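Next come the chains, spelled out residue by residue.
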Amino acid sequence: MSKRAFGIVMVFTVVIAACGSSGGSSGSGAYGGSTTKKTTSTTAASTDATSTTLQLVDTTLGKLVADSAGKTLYLYVPDGTSMVSKVDAGTLAAWPPVQASATPTLGPGLTAEASTAKQPNGENWVTYNGHLLYGFTGDAKPGDVAGNGLGNVWYAVTAAGEPVQS
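Residues numbered from 1 in each chain as written. Predicted model: local features only at pLDDT ≥ 70, side-chain atom pairs only at ≥ 80, totals over all residues. Heavy atoms only, no water.

Visitor: Before we move on, can you summarise the sheet that holds strand β2 (residues 53-59) with the specific residues and values?
Guide: Read across the sheet, 3 strands follow the order β3-β2-β6 without closing on themselves; strand pairing throughout is mixed. In the strand order of this sheet, the two ends are held by β3 (62-66) and β6 (105-106), each with one partner. The sheet contact formed by β2 and β6 spans 2 bridges and is parallel. Its bridge partner lying in β6, T53 is registered against T105. (Pairing = 2+ DSSP bridges. Helix = DSSP H or I, 4+ residues; strand = E, 2+ residues; numbered from the N terminus.)

Below, the structure written as structure tokens:
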């Protein structure tokens, strides 16, 4: 399946899921998001651990930031370096935030600062180089990068904490 076709399938999947959401947020879906702040709990798909380890993994786009399971992590461009997510609640089902109750541990080769940022609902989400980090449910295995560039707003993260715009 081409990247474009995959993106279209994901848009429809997330839009349908968002329509049934009772989170109270309105938004434009998985790729556009909205500026509505999320105030309800995130999905069980998010990483929720006492401490989180970030590491570098080899991908087709080079070495990228990943969680402890080797799954590629992404930033959401509209978030910028805001410590409060701008991703609407319906979209978080496909793009779960990385959560931790303590400062993340950094693996070899990671050069930017990692921290956590408290969201309005009280959850602590992981940041790297000032960017909130998200997983992507469309990545089937460690090192997959299916989410990179989707909607021109979701990008995998380099060791320096910058988006991979391939």
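That shown, we press on.
Visitor: Run through the pairing of β2, naming residues and quoting values.
Guide: Side-chain direction in a regular strand flips from residue to residue, so the side chains alternate between the two faces of the sheet. As defined by bridge partners, β2 adjoins β3 across 5 bridges and the pair is classed as antiparallel. Paired with V57 across the strands is L64, a residue of β3. Between the antiparallel neighbours β2 and β3 lie 2 residues.

Visitor: Provide a residue-level description of the pattern of salt bridges, including the pertinent values.
Guide: All told, the structure shown has 2 salt bridges when counted by the stated rule. In this structure, K63 and D58 form a salt bridge, with 2.9 Å as the shortest nitrogen-oxygen distance. For D144, the salt bridge goes to K141, with nearest N and O atoms at 2.9 Å. (Salt bridge = Lys/Arg side-chain N within 4 Å of Asp/Glu carboxyl O.)

Visitor: Could you give an account of the confidence of the model for the chain, with specific residues and numbers?
Guide: Confidence in the prediction of the chain, expressed as mean pLDDT, is 79, and 69% of residues score 70 or more. Below a pLDDT of 50 lies the segment residues 1-49, which in the model reaches 89 contacts outside its immediate sequence neighbourhood of four places, other chains included. (pLDDT = per-residue confidence, 0-100. Contact = heavy atoms within 4.5 Å.)

Visitor: Could you give me a rundown of the packing of aromatic side chains, with the residues and numbers involved?
Guide: Counted under the stated rule, the structure contains 7 aromatic pairs. Judged by centre distance (6.2 Å) and plane angle (80°), the rings of Y74 and F136 are edge-to-face. Within this pair, whereas Y74 is found in strand β4 (residues 74-76), its partner F136 is found in the loop between β9 (131-132) and β10 (154-156), the two being separated by 62 residues in sequence. On the basis of relative accessibility, which here comes to 5%, the residue F136 falls in the buried class. Relative to W154, the ring of Y76 lies with its centre 4.6 Å away and its plane at 40°, an arrangement referred to as tilted. Highlighted residues: Y76 in strand β4 and W154 in strand β10, separated in sequence by 78 residues. Judged by its relative accessible area of 0%, W154 is buried. Among the aromatic side chains, those forming a connected cluster through ring pairs are Y74, Y76, W95, W125, Y134, F136 and W154. (Phe/Tyr/Trp six-rings, centres within 6.5 Å; stacked < 30°, edge-to-face > 60°. Buried < 20%, exposed > 50% of the residue type's maximum accessible area, 1.4 Å probe, protein only.)

Visitor: Just give me the short version of unusual backbone geometry, but keep the residues and values in it.
Guide: Although it is not a glycine, N129 adopts a positive phi angle of roughly 55°. Examined against the element boundaries, N129 turns out to sit in the loop between β8 (124-128) and β9. Exposure remark for N129: the relative accessible area of 27% places this residue in the partly exposed category. The residue N152 is not glycine, and still its phi comes out positive at about 55°. Tracing the backbone through its elements, the reader meets N152 in the loop between β9 and β10.

Visitor: Provide a residue-level description of the pairing of strand β7 (residues 114-118), including the pertinent values.
Guide: Summarising the sheet, β7 and β8 pair through 5 bridges and their orientation is antiparallel. Opposite A114, over in β8, you have Y128 as the bridge partner. Remark: 5 residues form the turn of the hairpin made by β7 and β8, two consecutive strands paired antiparallel; G122 in that turn has positive phi of roughly 95°.

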